[in-house]
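Now for the letters of each chain:
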Amino acid sequence: AQKITQTQPGMFVQEKEAVTLDCTYDTSDQSYGLFWYKQPSSGEMIFLIYQGSYDEQNATEGRYSLNFQKARKSANLVISASQLGDSAMYFCAMRENTGNQFYFGTGTSLTVIP
Amino acid sequence: EAQVTQNPRYLITVTGKKLTVTCSQNMNHEYMSWYRQDPGLGLRQIYYSMNVEVTDKGDVPEGYKVSRKEKRNFPLILESPSPNQTSLYFCASSLTGLTDTQYFGPGTRLTVL
């Protein structure tokens, strides 16, 4: 079974609008960490936001927030007030407490339309 | 400047010719890892290392070798590259806590003919 599932291969959003990128995960660990990364067309991987499994509040970092629904095992990334520079691939990832692997989803390509 | 470096950034080679991609980090991180990125498949972990002389297989280790003789270096070795190893490769490092994000190198674009 896939550890991380991103079901939206491509998304479009109008500039200044908000967009939600979906991520569901599969783990039997009680303790785990969830990460989102951005990969612009230049190729580098940029860390955006982190959510711990025991965090009661949804994580926020500037225009990025994470809609964490533990019972549903979802960790959706919300980008508010989209900008043209937000056009990129976005990857959801998980680190479990047991074992030391990182698991990544297949990514969502976001295009911001002027 | 804190960074992960990889060399070379681009490499075109032929089937069967052994190659090494170097990775080095200057953040004193215990954890280092190699990924390959392929269209539609996302990033898949090849090998990872929790510390010097400790390495483990990720999800796609076949055809690759690694070594961790020093904390800062984690080279990826392809003993006999094949065309299906054509990919974009990333090295990453981090501390070992659950909350610790990985820092990625710039990537190595490998083409095996």
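Above: the structure in question.
Let me sum up the structure you'll find in this document. (Residues numbered from 1 in each chain as written. Chains lettered and ligands numbered in written order. Predicted model: local features only at pLDDT ≥ 70, side-chain atom pairs only at ≥ 80, totals over all residues. Heavy atoms only, no water.)

1. Quick look at the overall build of chain A
Each helix and strand counted, chain A has zero helices and twelve strands in total. Listing each helix as α and each strand as β along chain A from the N terminus yields β-β-β-β-β-β-β-β-β-β-β-β. Computed over C-alpha atoms, the radius of gyration of chain A comes to 14 Å, within 12% of the 13 Å expected from 2.2 N^0.38 for 114 residues, which places it in the range of a compact globule. For chain A, the C-alpha atoms occupy an extent of roughly 45 × 25 × 20 Å along the three principal directions. Relative to its full complement of 114 residues, chain A shows a buried share of 50%. Of the contacts formed within chain A by residues at least 6 apart in sequence, a portion of 54% connects residues at least 24 apart. Carbon and sulfur atoms make up 47% of the accessible area of chain A, which totals about 5,400 Å². (Helix = DSSP H or I, 4+ residues; strand = E, 2+ residues; numbered from the N terminus. Rg over C-alpha atoms; globule rule 2.2 N^0.38 Å. Buried < 20%, exposed > 50% of the residue type's maximum accessible area, 1.4 Å probe, protein only. Contact = heavy atoms within 4.5 Å. Areas by Shrake-Rupley, 256 points an atom, 1.4 Å probe, with all protein chains shown as cover.)

2. Some thoughts on the nonpolar core
Residues Leu21(A), Tyr25(A), Trp36(A), Ile49(A), Leu77(A), Tyr90(A) and Leu110(A) are the most contacted members of the largest nonpolar core, which totals 26 residues. Ranked by residues supplied to this core, first place goes to strand E10 (residues 88–96) of chain A with four residues. Among all residues touching Leu110(A), those that are not within four sequence positions of it are Met11(A), Val13(A), Val19(A), Leu21(A), Ile79(A), Asp86(A), Ser87(A), Ala88(A) and Tyr90(A). If you look at the next biggest cluster of nonpolar residues, it comprises 19 residues, including Val4(B), Leu19(B), Trp34(B) and Phe74(B). (Core = buried A, V, L, I, M, F, W, Y, C linked by side-chain atoms within 4.5 Å.)

3. A closer look at the state of the cysteines
Residues and elements named next belong to chain B. Enumeration over the complete set of coordinates arrives at two disulfides over all chains. With a sulfur-sulfur separation of 1.8 Å, Cys23 is cross-linked through a disulfide to Cys91. On the S-S bond that ties Cys23 to Cys91, the torsion sits near -70°, and the link is left-handed. Of this pair, Cys23 sits in strand E3 (residues 19–25) while Cys91 is found in strand E9 (residues 87–94), placing the two residues 68 residues apart along the sequence. Of the residues examined, Cys91 reaches a relative accessible area of 0% and is grouped as buried. (Disulfide = S-S within 2.5 Å.)

4. Focus: the interface of chain B and chain A
Each partner contributes residues to the interface: chain B has 25 residues there, and chain A has 21 residues. Taken together, the connections running from chain B to chain A amount to zero salt bridges. Counting across the interface, chain B meets chain A through ten residue pairs in polar contact (both at pLDDT 80 or more). Of all the secondary-structure elements, those providing two or more residues to the side of chain B that touches chain A are strand E4 (31–38), strand E5 (42–51) and E9 of chain B. Among the elements that take part in the side of chain B that touches chain A, E5(B) stands out by supplying five residues, more than any other. Taken together, the residues of the side of chain B that touches chain A break down into eleven nonpolar, eleven polar and three charged. (Salt bridge = Lys/Arg side-chain N within 4 Å of Asp/Glu carboxyl O. Polar contact = N/O pair within 3.5 Å; in protein donor to acceptor, adjacent residues only side chain to side chain. Nonpolar A, V, L, I, M, F, W, Y, C, P; charged D, E, K, R; others polar.)

5. Side note on the packing of aromatic side chains
Counted according to the given criterion, the structure contains 15 aromatic pairs over all chains. Counting every residue linked through ring pairs, the aromatic cluster contains Phe35(A), Tyr37(A), Phe47(A), Tyr50(A), Phe102(A), Phe104(A), Tyr31(B), Tyr35(B), Tyr48(B), Phe90(B) and Phe104(B). Over the aromatic face of Tyr103(A) sits the side chain of Lys3(A), whose NZ or CZ is 5.4 Å from the ring centroid. Residue placement shows Arg68(B) over the ring face of Phe74(B); its charged tip is 6.0 Å from the ring centre. (Phe/Tyr/Trp six-rings, centres within 6.5 Å; stacked < 30°, edge-to-face > 60°. Lys NZ or Arg CZ within 6 Å of the ring centre and 35° of its normal.)

6. Here's the deal with the pattern of salt bridges
Under the defined criterion, the tally for this structure stands at six salt bridges over all chains. Residues Arg63(A) and Asp86(A) are paired through a salt bridge, measuring 2.8 Å at the closest nitrogen-oxygen approach. Taken together, the residues Arg63(A) in the loop between strand E7 (60–61) and strand E8 (64–69) and Asp86(A) in the loop between strand E9 (74–79) and E10 connect sequence positions 23 residues apart. Taking the relative accessible area as the measure of exposure, Arg63(A) reaches 23% and is therefore partly exposed. Here Lys18(B) ties to Glu79(B) by a salt bridge, and the two come within 4.0 Å at their closest N and O atoms. Here Glu79(B) lies in the loop between strand E8 (76–78) and E9 and Lys18(B) lies in the loop between strand E2 (10–13) and E3, a separation of 61 residues in the sequence.

7. Here's the deal with the environment of Thr111(A)
Residue and element names in this part refer to chain A. As for its position among the elements, Thr111 is in strand E12 (residues 108–113). As for Thr111 and Leu84, which are separated by 27 residues in sequence, their C-alpha atoms are 7.9 Å apart. Contacts of Thr111, omitting those with residues within four sequence positions, involve Met11, Phe12, Val13 and Ser87.

8. Remarks on the pairing of E12(A)
All names here are of chain A. Residue alternation in E12 divides its side chains into a buried set, Thr108, Leu110 and Val112, and an unburied set, Ser109, Thr111 and Ile113. The pairing of E10 with E12 spans three bridges and is antiparallel. Following the sheet pairing, Tyr90 is matched in E12 by Thr108. (Pairing = 2+ DSSP bridges.)

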